[in-house]
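Single-letter residue listing:
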Amino acid sequence: IEQKYKLNIIADRQFKTLKQHTKRIEENKIANMQIQKINTSDVQEFLYTIVDYSQSYIRKLVSLLNCAFTDAVNKQIIYNNPMNAVIIPKSKKDTKIVRALTFVEQKQLTEYLVNTTIYEESYKNVFLFQLYLGLRIGEVLALKNTDFSSNNEIVFVRRTITENKEGKLIMKNKTKTLAGKRDITIPNFLKPFVEEQIELSKHNRDGLLFTYRNNYVRHHSVNSVLKRIFRTNLGL
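Let me sum up the structure you'll find in this document. (Residues numbered from 1 in each chain as written. Predicted model: local features only at pLDDT ≥ 70, side-chain atom pairs only at ≥ 80, totals over all residues. Heavy atoms only, no water.)

## Describing the overall build of the chain
Summing up its helical and strand segments, the chain has 9 helices and 4 strands in all. Sequence-ordered secondary structure for the chain, helices as α and strands as β, is α-α-α-α-α-α-α-β-β-β-β-α-α. Its C-alpha radius of gyration of 23 Å places the chain more than 25% over the 18 Å reference for a compact globule of 236 residues. Along the first, second and third principal axes, the C-alpha atoms of the chain reach 65 × 40 × 30 Å. Put simply, the chain has 236 residues, and 40% of those count as buried. Total accessible area computed for the chain in this model is approximately 14700 Å², and 50% of it derives from carbon and sulfur atoms. Positive and negative charge centroids in the chain, built from 38 and 23 side chains respectively, lie 4 Å apart. (Helix = DSSP H or I, 4+ residues; strand = E, 2+ residues; numbered from the N terminus. Rg over C-alpha atoms; globule rule 2.2 N^0.38 Å. Buried < 20%, exposed > 50% of the residue type's maximum accessible area, 1.4 Å probe, protein only. Areas by Shrake-Rupley, 256 points an atom, 1.4 Å probe, with all protein chains shown as cover. Lys, Arg positive; Asp, Glu negative; His and termini not counted. Charge placed at Lys NZ, Arg CZ, Asp CG, Glu CD.)

Written out as structure tokens, the structure is:
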């Protein structure tokens, strides 16, 4: 993980996540064994302890273990990878279904947002921008009032807000992918909400459209509000 981070293969947020995953392995006795003495049974015993986690989390832990043993084989510290014979456990958790909103649900959400005030739902425009400009949450939260054309017909997406490896929010002057740098035409119905947010942001830090106590907004804070809207207003 450290090597991939230094080589710029993984970014801050992924580095932080992977380091958190290693802590689960460190909690098990396998972490304190000499690697030459670890066999398939030892690894399998550890895998028995993680069946209550999600399948994606199990896969990540298995991948981390496999990377460690493969590296040890390549460096001739060990000669056989004990992961080759283990059985990957199946999670006891139900698979979480991730889906897009239906047309009806999107219409319901839109109607709720456009008919509520910014004082009732401070992130209403965040959600409208995501829905109708196709922006990631980090891209919306990184928007400045200078990122729009003079007539507010186009938004220029150039940066994102993310976490560094210490979990601190930082502004990155690039999008998640190269294709993420783009100019998007703003639908006519959305323009009043863009103008509303630009007006509200006049005194914000660095001209940011969205702030919390004049600081960057955390993704999970916005997502929590959206979940509450789904639950209480849309019955989802």
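## Describing helix 3 (residues 40-48)
Buried within helix 3 we find Asp42, Val43, Gln44, Phe46 and Leu47. Buried residues in helix 3 make contact with helix 2 (12-26) and helix 4 (55-74). The distance from a side-chain oxygen at the start of helix 3 to the backbone nitrogen of serine 41 is 3.0 Å, and the residue carrying that oxygen is asparagine 39. (Contact = heavy atoms within 4.5 Å. Polar contact = N/O pair within 3.5 Å; in protein donor to acceptor, adjacent residues only side chain to side chain.)

## Description of the environment of phenylalanine 156
Position of phenylalanine 156 among the secondary structure elements: in strand 1 (residues 154-157). Linking phenylalanine 156 and alanine 68, residues 88 residues apart in sequence, is a C-alpha distance of 42 Å. Those residues in contact with phenylalanine 156 that lie beyond four places of it in its chain are Leu143, Asp147, Phe148, Ser149, Arg182 and Asp183.

## Concerning the packing of helix 5 (residues 103-114) against helix 9 (residues 219-232)
At a minimum axis distance of 11 Å, the contact between helix 5 and helix 9 shows a crossing angle of 110 degrees. The angle between helix 5 and helix 9 places the two elements in the roughly perpendicular class. Of the residues in helix 9, those touching helix 5 at Leu109, Tyr112 and Leu113 are Leu226, Arg228, Ile229 and Phe230. Each residue belonging to the contact of helix 5 with helix 9 can be placed in one class, and the counts come to 6 nonpolar, no polar and 1 charged. (Axes fitted to C-alpha atoms, helices over the stretch in contact; angles between N-to-C directions. Parallel < 35°, antiparallel > 145°, perpendicular 65-115°, else oblique. Nonpolar A, V, L, I, M, F, W, Y, C, P; charged D, E, K, R; others polar.)

## Remarks on the nonpolar core
Of all hydrophobic cores here, the largest spans 36 residues; its most connected members are Val126, Phe127 and Phe129. Contributions of two or more residues to this core are made by helix 5, helix 6 (124-133), helix 7 (137-141), strand 1, helix 8 (191-200) and helix 9. When near neighbours in sequence (up to four residues on either side) are disregarded, phenylalanine 129 contacts Gly134, Leu135, Val140, Leu143, Leu190, Phe193, Val194, Gln197, Leu209 and Phe210. With 21 residues, the next largest nonpolar core counts Ile25, Ile38, Tyr57 and Phe69 among its residues. (Core = buried A, V, L, I, M, F, W, Y, C linked by side-chain atoms within 4.5 Å.)

## Concerning the packing of aromatic side chains
The final tally for this structure, using the stated rule, is 4 aromatic pairs. An angle of 70 degrees between the planes, with centres 5.9 Å apart, marks the rings of phenylalanine 129 and phenylalanine 210 as edge-to-face. Of this pair, phenylalanine 129 sits in helix 6 while phenylalanine 210 is found in the loop between helix 8 and helix 9, placing the two residues 81 residues apart along the sequence. We classify phenylalanine 129 as buried; its relative accessible area is 0%. The positively charged end of arginine 205 is found above the aromatic ring belonging to tyrosine 216, 4.2 Å away from the centroid. (Phe/Tyr/Trp six-rings, centres within 6.5 Å; stacked < 30°, edge-to-face > 60°. Lys NZ or Arg CZ within 6 Å of the ring centre and 35° of its normal.)

## Let's talk about the pairing of strand 3 (residues 169-172)
Here 4 bridges tie strand 2 (residues 160-163) to strand 3, and the two strands are oriented antiparallel to one another. What sits directly across from glutamate 163, in strand 3, is leucine 169. With antiparallel pairing between neighbouring strands as the criterion, strand 2 and strand 3 make up a hairpin whose turn holds 5 residues, including glycine 167 at a positive phi of roughly 85 degrees. (Pairing = 2+ DSSP bridges.)

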